[in-house]
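Reading the structure
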Amino acid sequence: MYAKIVVDVNAKRVDKLFDYAVPAELEKLMAVGMRVVVPFGPRKIQGYVIELFEGDSDRQLKAIHCIQDVTPELNSELIELSAWMQKTHIAKRIAVLDVMLPNAVKGKYHKVYRLVDEDVPENIKVLFNKQGMKKIGECSLNDITLLRPLIESGEVIEDIDVSQQQRIKTQKAVTLADMDVDSALNSLRTDKQKSLVELVADNKIMTLKELKDMDYSPAVVNGVVKKGLLKKIDVEDVRDPYKDRVFFADEKKTLLPEQQEAYNAVKEAIDAERNDVFLLHGITGSGKTEVYLQTISDVLDKGMTALMLVPEIALTPQMVERFKARFGDEVAVLHSGLSAGERYDEWRKIRSGEARVSVGARSSVFAPFKHLGLIIIDEEHEASYKQADYPRYHARDIALWRAEYHQCPVILGSATPSLESYARAEKGVYTMLTINERANQFPVPSVHVVNMREELAAGNRSMFSETLTTAINDRIQKGEQIVLFLNRRGHAQFMLCRDCGYVPQCPNCDISLTYHKVTDDLKCHYCGYKEPKVLKCPSCDSDHIREMGVGTQKVEELIYKHFDGAKVIRMDNDTTTRKGSHERLLSQFKNGEANILLGTQMIAKGLDFPNITLVGVLNADTMLNLPDFRSAERTYQLLTQVAGRAGRAEKEGHVIIQTYNPDHYAIEHAKNNDFLGFYNQEMQFRKVGKYPPYFYLVNLVFSHRDMKEVLLESRHIHEVLLQHLSPGSFVLGPAPCAIGRINNQYRFQIIIKFKSEPDLLTALMYLDDYYYDKFVKDKFSLSIDINPQSMM
DNA sequence: AGCACGCCGACT
DNA sequence: GTCGGCGTGCTC
């Protein structure tokens, strides 16, 4: 037997399948998808079994060294998917496999000394572990002196140990020993021991912890074990991060007519096992989640599985609670807050079939389900579904591939669909499902736009307009709650000299340094460069240099100064990095420990508190002015989402949007909650600008230390692309990137725009291959982003 | 990516 | 004469 293996070496040159012989003693155990350790050149590394085949090989093949799993980590679907991703994402197979699997699975390599012969003096033997290994990194000088003669004589050799990062957690348990239960019971004297054996006989396996909880002391258990009636074993201990929480069973809610219609359409596709894609366009508060829950429930009833994706920041305890309440232990939750071990446990629950529903962020799209009956992507427009770094996959693409593989339907849900998806639904590629009425029947909040230019003209230079100030004071007095949203993207704090206008820049990148109040220093967000806060302007020696721009901290201070009786909870990256802090802050707000919740992007989603009657958007424009073709779309989506936080209950909600561009169509349509109006206008702009969904985009970024070289080389690549691509496509550039230099690497970009380009992948693969050696040798780097989410 | 092999300069 | 610099090339 032979095996085709992907080796764990992240290099283009070895991005192919290697053939190995399977040793006779491993043939029975060997399965596709397993991880194995193989000799590779002079060393030993981990690899994935992609294919097994029989027959003679005329080549002298090396043999697989050992297996790493008993149950394969990958199934044949994921293997096929990885091949597809390798091709369509211009990515290395191993890099693709790496993002598919949970971190705990990935191998760790240690250089070790290995004891060849066990028969050595005791003082040497104690240095080694049970497997006769000793990590070289853990050797003291003394150890090495001791070992040196043995290394020279060959009794100890250098080797590489491939180990798993995260061991499966085990627990001690007991089970029946091989023996007749009745005769066993007869041989026991005490009732306690008898009942213990009966209990174990009934349950097959009981952990010691369970027994202890049932008042069987270790002494009793050990006594029976000693008699040979029970035996101790290790069982896998599945960590459940939510195990201490009690979930109340959640009942099906009656669907409103529009919900029902959407549900019926999906249900029909589920039953027919048809690979339909639905775009569920439902305004905020229209009860999309209830539709998801009921369709999932149907899938489970059919004995199939369901995968649901939500944006990372929407994966709040509230959301999880709702799923756990409806489906109980059948739910696996996958998000970034889990430890590697917890994540792996959830993964294994899915693989074994113990969990049949998953709720998770982007990477959970690879969850190893069998018999998928439905895939749901909630908030399908969210940019976070696209992985920002290599391999740049979009969870939506993966979901569509998997749905086709399983022949099951997909629901793309959103209140503000991406233009790409909406256009496809309009064309009939996807099935459009619309919900226009709110499930709770409460009125849509009223939206008021404040023109900050007028405020400024009227002499109000604070960041709170007259209207907002009045509204905030009113809510504080009534004891109602307020959410204030500060759009921080592209609006970090920096230092500015008031005399000469100097702004401290990163010496390695073409970007100004960001001021961090917590550490009181200046940092570069791109390369990590750090320097102390400057007290005197390095340019003109003036001491009128100070922090500019508003951060949430600054706004918090201003709120306390501006409003009596304000009690603020601030949510941003600084206050929510600790595990569980997100949840804690929200529950504090929910309990009324504060009346103002101030935050960035992360508060735009999911919070659903009845007492919020006012939502203020402090600066609606910052996102609008970003040099990106999606900036209007992003602004519209964000404003709609933020507005959705108000009036989720009986009390009427108000939204106040402060902006310097009150007439911008993104803001106007957001104000009127008019998606179609926005869509039509934005589509015009996309059509004229030759942007998605009219054209597909590929963003190529080249970087190198030497500006001249990178410019010359990218010009050449421009030529190559023109030759390879069809006349209907556009190749723009090379032009300097928006941030022209990062970490002393000059950056140029080329943008490809095309409607249909059958040779695209071939051309890109050619670039990736042909230039690879050059890029390695001359430290050039090329990044290829197909369907980029951002052009910056 | 690692690691070995190999072919040149500065040292005992 | 040899130790070590890192360019080159290979890994089933």
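Given the structure is predicted, the values throughout are model-derived calculations rather than measurements. (Residues numbered from 1 in each chain as written. Chains lettered and ligands numbered in written order. Predicted model: local features only at pLDDT ≥ 70, side-chain atom pairs only at ≥ 80, totals over all residues. Heavy atoms only, no water.)

Overview of the pairing of strand S26 (residues 568-571)
Burial along S26 is two-sided: the face carrying Val568 and Arg570 and the face carrying Ile569 and Met571 are both buried. Two elements, S26 and strand S27 (residues 596-599), share 4 bridges in a ladder whose sense is parallel. Its bridge partner being in S27, Arg570 is matched across the sheet by Leu598. (Buried < 20%, exposed > 50% of the residue type's maximum accessible area, 1.4 Å probe, protein only. Helix = DSSP H or I, 4+ residues; strand = E, 2+ residues; numbered from the N terminus. Pairing = 2+ DSSP bridges.)

Some remarks on the protein's contact with DNA strand C
Around DNA strand C, the neighbouring residues are Arg13, Val14, Lys16, Phe18, Asp19, Tyr20, Pro39, Phe40, Gly41, Arg59, Leu61 and Lys62. Taken together, the sugar and phosphate atoms account for 42% of what DNA strand C places within 4 Å of the protein. At 2.9 Å, a backbone N or O of Gly41 approaches a sugar or linking oxygen of DNA strand C. Between Lys62 and DNA strand C, the recorded distance is 2.5 Å, taken from a side-chain N or O atom to a phosphate oxygen. Elements with a minimum of two residues in the surface near DNA strand C: strand S2 (17-21) and strand S3 (35-40). If one sorts the elements of the surface near DNA strand C by residue count, S2 sits on top with 3 residues. (Near = heavy atom within 4 Å. Polar contact = N/O pair within 3.5 Å; in protein donor to acceptor, adjacent residues only side chain to side chain.)

Regarding the UniProt feature "binding site: Zn(2+) 2" (unreviewed entry) in chain A
Within the UniProt annotation, "binding site: Zn(2+) 2" (unreviewed entry) is assigned to Cys506, Cys509, Cys524 and Cys527. The largest pairwise C-alpha distance within this set of annotated residues, which runs over 22 residues, is 8.7 Å, so the set is compact in three dimensions. Residue position: Cys506 is located in the loop between strand S21 (494-497) and strand S22 (514-516). For Cys506, a relative accessible area of 3% gives the class buried. Position of Cys509 among the secondary structure elements: in the loop between S21 and S22. The exposure class assigned to Cys509 is buried, which follows from its relative accessible area of 1%. Among residues more than four places away in sequence, those in contact with Cys509 are Cys524, Tyr526, Cys527, Arg741, Ile742 and Asn743. (UniProt positions renumbered as here; feature names shortened; annotations may be inferred. Contact = heavy atoms within 4.5 Å.)

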